[in-house]
Amino acid sequence: MNKYILKKEKVTDALNTLGNASVVYIPVKNKRGLVEYRELGKNASAADVRLDCKPDVPPKGILFPQTEVLFTFKKMGGKITVTPARPDDREKVIFGARPCDAIAITLMDRVFCGGKFTDSYYKARREKVTIFTIACDGPADSKCFCPSTGGSPAATDGSDVMMYDVDDSYYAEGITDKGRKILEALKGHLGKPTPEQEKRKDEIIKKAESAEGFTRKITEESIGRLDSSFDSKYWDDIARRCLSCGACTYYCPTCHCFDINDEPGSKRVRTWDSCQFSNFTMHTSAHNPRTGKGQKLRNRYYHKFKYSKENIGRYLCVGCGRCIALCPAGLDITKAISEVK
Amino acid sequence: MSDEIIRAEAKKALRDRGLKCVIGWSADGTPFFAETEEDIEKLSFNKFCANNLVPYLTQEIRSQRGKTRDGKEKIVKPVGIVVKGCDSKALLLLLNENILSRKEVFIIGIPCTGVADRHAGGALYRKCIKCAMRNPAVYDVLASEKVQEDTKDYSEIEAIEKMPAEERWKFWKDIFADCIRCHACKRSCPVCYCDECLLDPTDIAIKPDTTAEEKAHRPRWVERSVNIPENLVYHLARLPHLTGRCVDCGECERVCPQRLPLRLLTAKLEKDVKEIFNYEAASEEGQKPLIAMSCMEDDNGFIM
């Protein structure tokens, strides 16, 4: 048996038990009203966990921190010594992710560990992560469009444990070996599902799969049109109001571009970068192949819906809608791809 | 209704003044660039039209500037813009600083009773609850009757000033710890119009004739690392550059995806400038910049 019931009133206890063996990240509402992931025991307590909404900030930074020291170096007597940073290999649990964010992590895996090269820093973290996902039964908010990107409000990709909100409890099911094992360890807090709860869970999955209630959509047909709209004037038209800030990329659960610099203190540091910044494509020669805002915006959209499909076989967008919610200029990726001619 | 006046005036100006475009909002509250009479029909104003459009005005005018092949200044087509009271203050500052010239802009002013976040229902932005600049400070036409303004309220700033130093440091550290340096505050700032910013390591103006030495010796005031010290330098070093210039339009705070209360910084700046130099940014047309008005009698108590 691999199906359990976690009573909502026991979530706190379960989190504390998980916290004994691993670092646990939970969605918490911060004092400015944003729901973001925080570390249990460090800057969040189990009672603060928010499992009733899609977090405003994706869990990307847990696996791929915005600022990461790769190594430090020292020059002495003509000799250079390099000390690699210790990889973060603590056991970690992300509790309360949403399906879109779990899928996004599988996409990051393909980027950082899926090809010829493996990013050892990412991999060290990733191997120690267990993800508890809460299924949505429809759009979590009006910006959601996961069904358009090959996802679903109850998709299980990337999740180790799937949880379904069945009224006063969570129905929990181990998806991977890792997930099944961790549920075993939590057994003291778990019960057995009743037939009604089984039924509720099936209803959630059925409702999720129907993809009803989504107001934002991107159709296959409009994605197909991207082939012929590369030179469209539309990109410059909509980019006119882009402010070239990095909000869309920094809050995107799949945007993974980074920059590496040497910084004072003899550190080599990796930081997030954004394709919307003008130095992103600046060559040493001073040639910049993408200078216009339209080119930069187009590149982001094409990367999400065209290049990635060709290169890794899946859209690099999971339809979480955060770029829509946070764009200061009101740009909307679903609208852009549907409208471009 | 103000929409009809906006559209009628915009159309008239597009025809008579040969505007390049009119920058306004569409009905969903997003910025909109109207180039034809047909586009102008889509211009609208409602309480969700929150963006300060002035940065776009600078963009549209600057992109036309330059020299023709035979060395003559290019002709700049004037640009129309719809502004709320706070936006108009920023525009007035740019006019006073000669970044834009008055004949290059056609201004439709909107007396404003406050705007709200289009994603978060109808609650007004914090900056709009009490506002001392609801009526446009500079305009060609007004789209509606002027409205009653409030007096400026600095009670929040005063409360922070009264905090013991340690508590205040903790207060700000807490805010800077949450900044992710997406640069939205700086890029949406109407008075931050430099091509290159010393606080922005993602935006360095390298030209084909920039030498290797120049590139190597470029000072790096702020590193790419996102942490409290770097974030603090980023936010605090912006302030001297905004002294006597920031009109407290609140755009930085509105666009911040981390919802940092950045107006606490700019409002403090405004308050200090008022108290120390008896100066208020963009308070009248043709006003000299504060930085050009320094004199021996100025209070320099803050130095020693």
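Being a predicted model, the structure only gives us computed values, none of them experimental. (Residues numbered from 1 in each chain as written. Chains lettered and ligands numbered in written order. Predicted model: local features only at pLDDT ≥ 70, side-chain atom pairs only at ≥ 80, totals over all residues.)

1. Describing the overall build of chain B
Right, on to step 1. When helices and strands are tallied, chain B shows twelve helices and six strands.
Right, on to step 2. In terms of C-alpha radius of gyration, chain B reaches 20 Å, essentially the compact-globule figure of 19 Å for 304 residues.
Right, on to step 3. Principal-axis analysis of the C-alpha atoms gives chain B an extent of 60 × 50 × 45 Å.
Right, on to step 4. Buried residues in chain B amount to 41% of all 304 residues.
Right, on to step 5. Sequence separation of at least 24 residues holds for 66% of the intrachain contacts in chain B that already meet a minimum separation of 6. (Helix = DSSP H or I, 4+ residues; strand = E, 2+ residues; numbered from the N terminus. Rg over C-alpha atoms; globule rule 2.2 N^0.38 Å. Buried ≥ 20, exposed ≤ 12 C-beta atoms within 10 Å, placed from the backbone. Contact = placed C-beta atoms within 7 Å.)

2. Comments concerning the overall build of chain A
Right, on to step 1. Looking only at helices and strands, chain A features twelve helices and twelve strands.
Right, on to step 2. Projected onto its principal axes, the C-alpha coordinates of chain A cover approximately 65 × 60 × 40 Å.
Right, on to step 3. In chain A, which comprises 341 residues, the proportion classed as buried is 45%.
Right, on to step 4. The contacts in chain A between residues at least 6 apart in sequence include a share of 70% that link residues at least 24 apart.

3. Details of the environment of B:C112
Residue and element names in this part refer to chain B.
Right, on to step 1. Mapped onto the elements of the fold, C112 is located in the loop between β5 (105–110) and α5 (126–129).
Right, on to step 2. Along the chain, C112 and S63 lie 49 residues apart, while their C-alpha atoms are 30 Å from each other.
Right, on to step 3. If sequence neighbours within four positions are ignored, C112 has contacts with K84, G85 and R134.

4. What to know about the interface of chain A and chain B
It is common to give the size of an interface as the accessible area that goes away when the parts come together.
Right, on to step 1. Taken together, the contact pairs 29 residues of chain A with 29 residues of chain B.
Right, on to step 2. Elements represented by at least two residues in the side of chain A that touches chain B include exactly α9 (247–250), β11 (258–263), β12 (267–272) and α11 (322–326) of chain A.
Right, on to step 3. Per element, the largest residue contribution to the side of chain A that touches chain B is three residues, and it comes from β11(A).
Right, on to step 4. Grouping the constituent residues of the side of chain A that touches chain B by class yields 14 nonpolar, ten polar and five charged. (Nonpolar A, V, L, I, M, F, W, Y, C, P; charged D, E, K, R; others polar.)

5. What about the nonpolar core?
Side chains of a nonpolar character, in soluble globular proteins, are inclined to be buried together.
Right, on to step 1. Core analysis: the largest hydrophobic core is formed by 159 residues, its most contacted members being A:L15, A:I26, A:M163, B:I23, B:L57 and B:V82.
Right, on to step 2. Here this core takes eight residues from helix α3 (residues 99–113) of chain A, the largest share from any one element.
Right, on to step 3. Apart from the residues within four sequence positions on either side, A:L15 is in contact with A:V24, A:I26, A:L40, A:A46, A:V49 and A:F95. (Core = buried A, V, L, I, M, F, W, Y, C linked by C-beta atoms within 7 Å.)

6. Some words on the sheet that holds strand β5 (residues 79–84) of chain A
Residue and element names in this part refer to chain A.
Right, on to step 1. Taken in spatial order, the four strands of this open sheet run β5-β4-β12-β11, and their pairing is antiparallel. Lying at the two open borders of the sheet, with one neighbouring strand each, are β5 and β11. Averaged over all pairs of adjacent strands, the angle between strand axes in this sheet comes to 25 degrees, irrespective of strand direction.
Right, on to step 2. The pairing of strand β4 (residues 67–76) with β12 spans five bridges and is antiparallel. From the neighbouring strand, E68 faces β12, where its bridge partner is R270. (Pairing = 2+ DSSP bridges. Axes fitted to C-alpha atoms, helices over the stretch in contact; angles between N-to-C directions.)

7. Comments concerning the domain arrangement of chain B
Residues and elements named next belong to chain B.
Right, on to step 1. The domains assigned to chain B are domain 1 (2–142) and domain 2 (155–292).
Right, on to step 2. For domain 1 versus domain 2, the separation of C-alpha centres amounts to 24 Å.
Right, on to step 3. Contacts between the two partners involve 18 residues from domain 1, matched on the other side by 18 residues from domain 2.
Right, on to step 4. For the side of domain 1 that touches domain 2, the elements supplying multiple residues, two or more each, are α3 (54–62) and α4 (85–96).
Right, on to step 5. Looking at the side of domain 1 that touches domain 2, the element that brings in the most residues is α4, giving seven residues.
Right, on to step 6. Grouping the amino acids of the side of domain 1 that touches domain 2 by side-chain chemistry returns eleven nonpolar, three polar and four charged. (Domains from an automatic or database assignment.)

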